[in-house]
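Descriptive structure summary
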Amino acid sequence: MTYTSDQFSKITIPRLDFSNFSSEEADSQEAFSKDFVNSLSRFGFVTVINHPFSDDEIEQLFSWNQRFFALSNEEKMKAAHPKQANPHRGYSYVGQERLTSALEIKETFDQGPSQDDIYPNRWPPESSISGFRSSMEEFFDRCHSVHIMLLGALERGLDLPPGFLSHRCLNNSSELRLNHYPSFPASEISQAGAKRIAEHSDFGTLTLLFQDDVGGLEVESQDRPGVFFPVAAGEGRITKEDLYVPKVLTVNAGDCLQRWTNDKLKSAVHRVVLPQGVRDDDIVRERYSAAYFAKPDREQHVGSLTPFLEKGEEESGYERITAWEFNQSRLGGTY
Ligand SMILES: O=C(O)CCC(=O)C(=O)O
Ligand SMILES: [Fe+2]
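The text that follows walks through the structure, step by step, so that each part is easy to find.

Criteria and cut-off values
Residues numbered from 1 in each chain as written. Chains lettered and ligands numbered in written order. Predicted model: local features only at pLDDT ≥ 70, side-chain atom pairs only at ≥ 80, totals over all residues. Heavy atoms only, no water. 1 Å grid on protein atoms, 1.4 Å probe; cavity = no way out; pocket = protein on both sides within 12 Å on 5 of 7 lines; lining within 4 Å. Points joined across faces, edges and corners; volume = space filled by probe spheres on them. Helix = DSSP H or I, 4+ residues; strand = E, 2+ residues; numbered from the N terminus. Nonpolar A, V, L, I, M, F, W, Y, C, P; charged D, E, K, R; others polar. Pairing = 2+ DSSP bridges. Axes fitted to C-alpha atoms, helices over the stretch in contact; angles between N-to-C directions. Donors = N, O, S within 2.8 Å, 3.2 Å for Na, K, Ca; no water. Buried < 20%, exposed > 50% of the residue type's maximum accessible area, 1.4 Å probe, protein only. Near = heavy atom within 4 Å. Polar contact = N/O pair within 3.5 Å; in protein donor to acceptor, adjacent residues only side chain to side chain. Sits in = over half its atoms within 2 Å of the grid points.

In this structure the tally under the stated criterion is three cavities of 30 Å³ or more. In this structure, the largest cavity encloses a volume near 310 Å³. Together, 24 residues line the largest cavity, and Arg177, Ile197, His200, Asp202 and Phe293 are the ones closest to its centre. When residues of the lining of the largest cavity are traced back to their parent elements, those giving at least two are β6 (175-181), β8 (197-200), β9 (206-211), β13 (270-272) and β15 (287-293). Residues that form the lining of the largest cavity fall into these classes: ten nonpolar, eight polar and six charged. If you add up the space inside the second largest cavity, you get close to 120 Å³. Element by element, the count of residues in the lining of the second largest cavity is highest for helix α9 (residues 323-331), at four residues. Here the lining of the second largest cavity is composed, by residue class, of seven nonpolar, three polar and five charged.

Below, the structure is given as structure tokens:
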């Protein structure tokens, strides 16, 4: 597949106001829920303002993100990601993970649930970055509660009974990833075919994505396969206000949600490339982001759920493998 960017596309990812859902007004809640479903069904992505995270929480998250990656390599390697990929934990240096054959100019720090004894987290020593672990653990739990709220909106928008999706995600086995894309000469990208992050879809239910204002995130069009357009694109260039954290939360559907809903909600392919307007002789600004990959409980199946299958077609749709088996099969080959 050849991929092209359509940076000036008029496709606009809908921007929803979460305060409509958190209000007591049934009509506003209903409208938010329907719009949320429609956007994930049409684009696989949505952006949300007035979301439940406070400015302070997000600013702190970005501050930890910057402080962690500013540590020396030696310090970061004290939290090194284990050799095998499953599941992601700890620090990965530039080039360690490849989603395709392209070099990816990014370093990452992955964290799972603090109560996971089978796959424990890998923290840098407290003496290197005091307070990092406790803040990140707290933020992880906040993301879990926002994930459950958003599943509530999907249940409503999809006319499902309350808890129909969320009860499959209560023993949190999600992952939180800090991304740092270092600064580099733009010519390296055009000559070497490197990317910040190559084309991929996320594996879980929903991804809560926090971006800074550098830009470069693009999503593949559902109508024109192979054509990518910027997330938060308006009638032309992205403005700082389109992206600026902490105001805007980007949410996208992952493969498990696509499977459960038998393709009604789309796990769209996305990537991070050069921001718009960058020329070959520019030095590209560094970029920070954080992604909470919300996932179903490991023992839950990720086959198509009955309400999304035609009557008498219960055997059709996606196979009922467990979320754990699915996650492992998707991770293999990326490391
Ligand atoms: O950095 C971004 O904006 C996107 C990152 C992403 O897609 C991922 O980590 O899966
Ligand atoms: Fe992603």
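The rest of the description comes next.
Moving on, we come to the sheet that holds β9. Within the open sheet, the eight strands sit side by side as β2-β3-β12-β9-β15-β6-β5-β4. Their pairing is mixed. What marks the edges here is a single partner per strand, and that holds for β2 (15-17) and β4 (90-92). Each adjacent strand pair in this sheet contributes to an overall mean axis angle of 25 degrees, direction not counted. Looking at chain direction, β6 and β15 are connected through seven bridges and run antiparallel. Paired with Asn179 across the two strands is Ser289, which belongs to β15.

It is worth spelling out the coordination of the iron ion (ligand 2) at this point. Coordination of the iron ion (ligand 2) by the protein is provided by His200 (NE2), Asp202 (OD) and His270 (NE2), with metal-donor distances spanning 2.1 to 2.3 Å. Along the chain, the residues that donate to the iron ion (ligand 2) are spaced as H-x1-D-x67-H. Of the two residues, Asp202 is situated in the loop between β8 and β9 and His270 in strand β13; the sequence distance between them amounts to 68 residues. As far as the burial class goes, Asp202 and His270 line up, both buried.

Here we come to the site of ligand 1. Taken together, Asn179, Tyr181, Ile197, His200, Asp202, Leu209, His270, Val272, Arg287, Ser289 and Phe293 make up the full set of residues near ligand 1. His200 is positioned with one of its side-chain polar atoms (N or O) 3.0 Å from an oxygen atom of ligand 1. One nitrogen or oxygen atom from the side chain of Asp202 is found 3.3 Å from an oxygen atom belonging to ligand 1. Given that more than half its atoms are within 2 Å of the pocket grid, ligand 1 belongs to the largest cavity. Broken down by secondary-structure element, the contributors of at least two residues to the shell around ligand 1 are β6, β8, β13 and β15. Looking at side-chain class alone, the shell around ligand 1 contains five nonpolar, four polar and two charged residues.

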